[in-house]
Amino acid sequence: MKNRRSSLTLKHGLISLTVLCFVLMVFTWETRDSVSPIEKTFSYVIIPVNNGVNSFGDWLVDRIQFMKNINEFETLNENLQQEVEQLRYDNIILEQSRVELDRLRSLYDLDQMYADFPKTGAQIIGKDPGNWYDIFVINKGENDGLAVNMVVLAGEGLVGHITEVGPNYAKVQSIINDSNHVSAKSIRTSDLCIVNGDLTMVVSQAYCFVDKISDQANIIVGDDIITSHLSDIYPEGILIGTITEITDNDHKMTKTAVLKPVVDFMHLEEVLVIKQVFQLESEGD
Amino acid sequence: MLRTIAITLIIILNVSLQSTFVQAISIYNIVFNLFIITIVSFALLRGQKEGLIIGFALGILHDVFFGEFIGLYALLYMYIGFINGMFSKSFFKESLFFPIIAIALSDLGANLIIYITFLFRGRTQFFLYFITTILPEVSYTTLVSIGIYRFYLFINNKLEYYDRWKGSRNKL
C-alpha cells in the first residue's frame, strides 16, 4: 500500500518537474540577459567552490613542477641569462617594427580600434561541462562593472562576447561555439564574410568555418580576418584569425574557407574584457 | 540527514569539478561526462526517487551556468535518473557490468538528444558529429565510470551502514 502511494507521488513529481522544465524553456528561449535571483543564489555557492578548486589546482601544479625541476634550475638559469641578452637585442628590433606597425595601422584607419577602451582582466574559472558548446565562465561580473554583450579578447585576438552576467561571474560565448556567427572582413581587401563556429572543426584543432564569401572576393590563404563594420556587438577591427584553406562552391556562388583563430582556445586561461558595450540601440542579432 | 548532506556535497563538487578539473584532463578537447556517471550510479544504487532528484539538480545547475536556455538539461538528466532508477532492484550492486553498460547507453542517449538541438540549426552531418564528438565522449565516459562507480558504491555502502546503525539505535 505504502509502496503504491510513494510511486504515485513520484510520478506526480516527475510530471510537475517536466512541466516546470518546459515552462522555463519557453520563458528563457529567446533571451537570458537578466539573471534571476535563484540563479544568483546558485552562483554564490558554486562560484567560490570553482575558484577554490582552480587555485588549489594551480597551486598543486606549481608544487609538482617545482619538485620536478629543482635540479635543473641552475642550468636553466644560465640558459635564461643568455636568452635575456638575445631577447634584449630582439626587443630593440621589435620596437622599431612596432613604430612602423603603428604608422601602418594609422594608414589603415584602424588605430582607434580597441587599444584605447578601458579593459579589465579576468580569469576563466569554468568551462561548459559537455563537449557540444564552447561557453565558459569568468570570475568577474556585475560587481566589477561587466554587462551583457561586452567584448572579450585574449592577447591580440577576439574570444567572444558576454551573454549573461551574474553578481560575481559572467558567461562568455566564444567565437568557436557552434551556434556563434561573427560578421567579418578581410583586412587586405575588405571582402565581407561570416565566421561561424563549427564543432566538427573545433574538436581537434579549434578552427572556425568561414562562410558567405562572395564569389568575386579576392581572399587568399594567409589573409588576416578582422571583425567588420556590420557587426552590432563587436567593434570594427578586432583580429580574429588567418585563412588556412579556401574552397570554391560553384553551385552556391560563394566561397567557404577555414580560419585559424589567433587565440589559442585550447589553452585559454585569462581573458580581457572591454568595459564598453558597442551594441546599437535597435534589437537584433 | 547525513545522506542529504552527502548528496548535496557530491552535487556541488560535481558541478565544480566538471567545469574545472575534468576540463583540465580532457583528451583531444573531449571531456567525459561526470554528471551522467553520478546520476546513473545513484539511480541504480538508490532507485527512481533519488535518481530523479539528483538528475534534476545537476541538470538545472548545468542549465543555469552553461545552458543557452534553462530546462533542457534538467529535463534530460531527470529522465535519465528516473529511467535508470527502474533497474535499481534488478541487479547485484557489486557487479560492475550492468552499471557500466547503463552509463554508456545513457551517455549515448543524452548526446543523441543534444544533437537534435543541433539539427534545429541545420547541422545535418550526423555521421561527422558522431565520429568527432559522440563516440569519443561515450568511450571516455565509460572508461572513467569504472573507477567512479566504485567510489560511489563505497560511499553508498557507508551511508547505508550509517542509516542501519541509526535505525537500530532508535529501536532500542
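Notes on the structure in this doc start here. (Residues numbered from 1 in each chain as written. Chains lettered and ligands numbered in written order. Predicted model: local features only at pLDDT ≥ 70, side-chain atom pairs only at ≥ 80, totals over all residues.)

Before going further, it helps to examine the overall build of chain B. Each helix and strand in chain B was counted, giving seven helices and zero strands. Evaluated residue by residue, chain B yields a buried proportion of 44% over its 172 residues. The long-range fraction of contacts in chain B, counting pairs at least 24 apart against all pairs at least 6 apart in sequence, stands at 68%. (Helix = DSSP H or I, 4+ residues; strand = E, 2+ residues; numbered from the N terminus. Buried ≥ 20, exposed ≤ 12 C-beta atoms within 10 Å, placed from the backbone. Contact = placed C-beta atoms within 7 Å.)

So, about the environment of B:S41. All names here are of chain B. Tracing the chain through its elements places S41 in helix α3 (residues 34-46). The buried category is assigned to S41, around which 26 C-beta atoms lie within 10 Å. Distance in space between the C-alpha atoms of S41 and G51 is 8.4 Å, their sequence separation being ten residues. Beyond its immediate chain neighbours, meaning those up to four positions away, S41 contacts P99, Y149 and Y152.

This brings us to helix α1 (residues 2-19) of chain B. Its 18 residues place the ends of α1(B) 26 Å apart at the C-alpha level, agreeing with the 26 Å of an ideal helix rising 1.5 Å per residue. For α1(B), the full list of buried residues reads B:I11, B:N14, B:V15, B:S16, B:Q18 and B:S19. Contacts from the buried residues of α1(B) go to α2 (37-69) and β1 (119-127) of chain A together with α2 (21-24), α3 and α4 (48-66) of chain B. (Expected span 1.5 Å × (residues − 1).)

We now examine the nonpolar core. The nonpolar side chains of a soluble globular protein tend to be buried with one another. Counting 98 residues, the largest nonpolar core has A:I138, A:V195, A:I240, B:I39 and B:Y77 as its most contacted members. The dominant element in this core, judged by the number of residues it contributes, is α4(B), at eleven residues. Inspection of this core shows a minimum of three residues originating in each of domain 2 (119-177 + 268-274) and domain 3 (181-263) of chain A. The residues touching B:I39, leaving out its near neighbours within four places in the chain, are B:G51, B:I54, B:G55, B:L58, B:Y77, B:I80 and B:G81. (Core = buried A, V, L, I, M, F, W, Y, C linked by C-beta atoms within 7 Å. Domains from an automatic or database assignment.)

Listed by partner, the interface residues are 42 residues for chain B and 38 residues for chain A. Those elements giving two or more residues to the side of chain B that touches chain A turn out to be α1, α2, α4, α5 (72-85), α6 (97-119) and α7 (126-171) of chain B. Looking at which element gives the most residues to the side of chain B that touches chain A, the answer is α4(B), with nine residues. Tallied by class, residues from the side of chain B that touches chain A come to 26 nonpolar, 13 polar and three charged. (Nonpolar A, V, L, I, M, F, W, Y, C, P; charged D, E, K, R; others polar.)

Let us look at the packing of α2(A) against α1(B). One can describe the packing of α2(A) onto α1(B) by two numbers: an axis separation of 9 Å at closest approach and a directional angle of 50°. Our classification of the angle between α2(A) and α1(B) gives oblique. The chirality of how α2(A) crosses α1(B) is right-handed. Residues A:V45, A:I46, A:V49, A:N50 and A:V53 of α2(A) touch α1(B), and the partners they reach there are B:I12, B:V15, B:S16, B:L17 and B:S19. Across the contact of α2(A) with α1(B), the residue classes tally to seven nonpolar, three polar and no charged. (Axes fitted to C-alpha atoms, helices over the stretch in contact; angles between N-to-C directions. Parallel < 35°, antiparallel > 145°, perpendicular 65-115°, else oblique. Left-handed = near helix turned anticlockwise from the far one by under 90°.)

It is at 11 Å that the axes of α2(A) and α4(B) come closest, and there the two elements cross at 95°. Compared by their axis directions, α2(A) and α4(B) come out roughly perpendicular. Residues A:E39, A:F42 and A:I46 of α2(A) form the contact with α4(B), whose own contacting residues are B:L61, B:V64 and B:F65. Its residues placed into classes, the contact of α2(A) with α4(B) shows five nonpolar, no polar and one charged.

An ideal rise of 1.5 Å per residue puts 20 Å on 14 residues; α5(B) measures up with 20 Å between its terminal C-alpha atoms. Most of α5(B) is tucked away: 13 of the 14 residues are buried.

Bringing unusual backbone geometry into the picture now. As a rule of thumb, non-glycine residues mostly have phi less than zero, and peptide bonds are mostly trans rather than cis. Residue and element names in this part refer to chain A. Of note in this structure, N149 is not a glycine but carries a positive phi near 75°. Mapping N149 onto the fold places it in the loop between β2 (135-138) and β3 (151-154). When the 15 C-beta atoms within 10 Å are taken as the criterion, N149 is described as partly exposed. The backbone of S190 shows a phi angle near 60°, a positive value even though the residue is not glycine. Position of S190 relative to the elements: it lies in the loop between β6 (181-186) and β7 (192-197).

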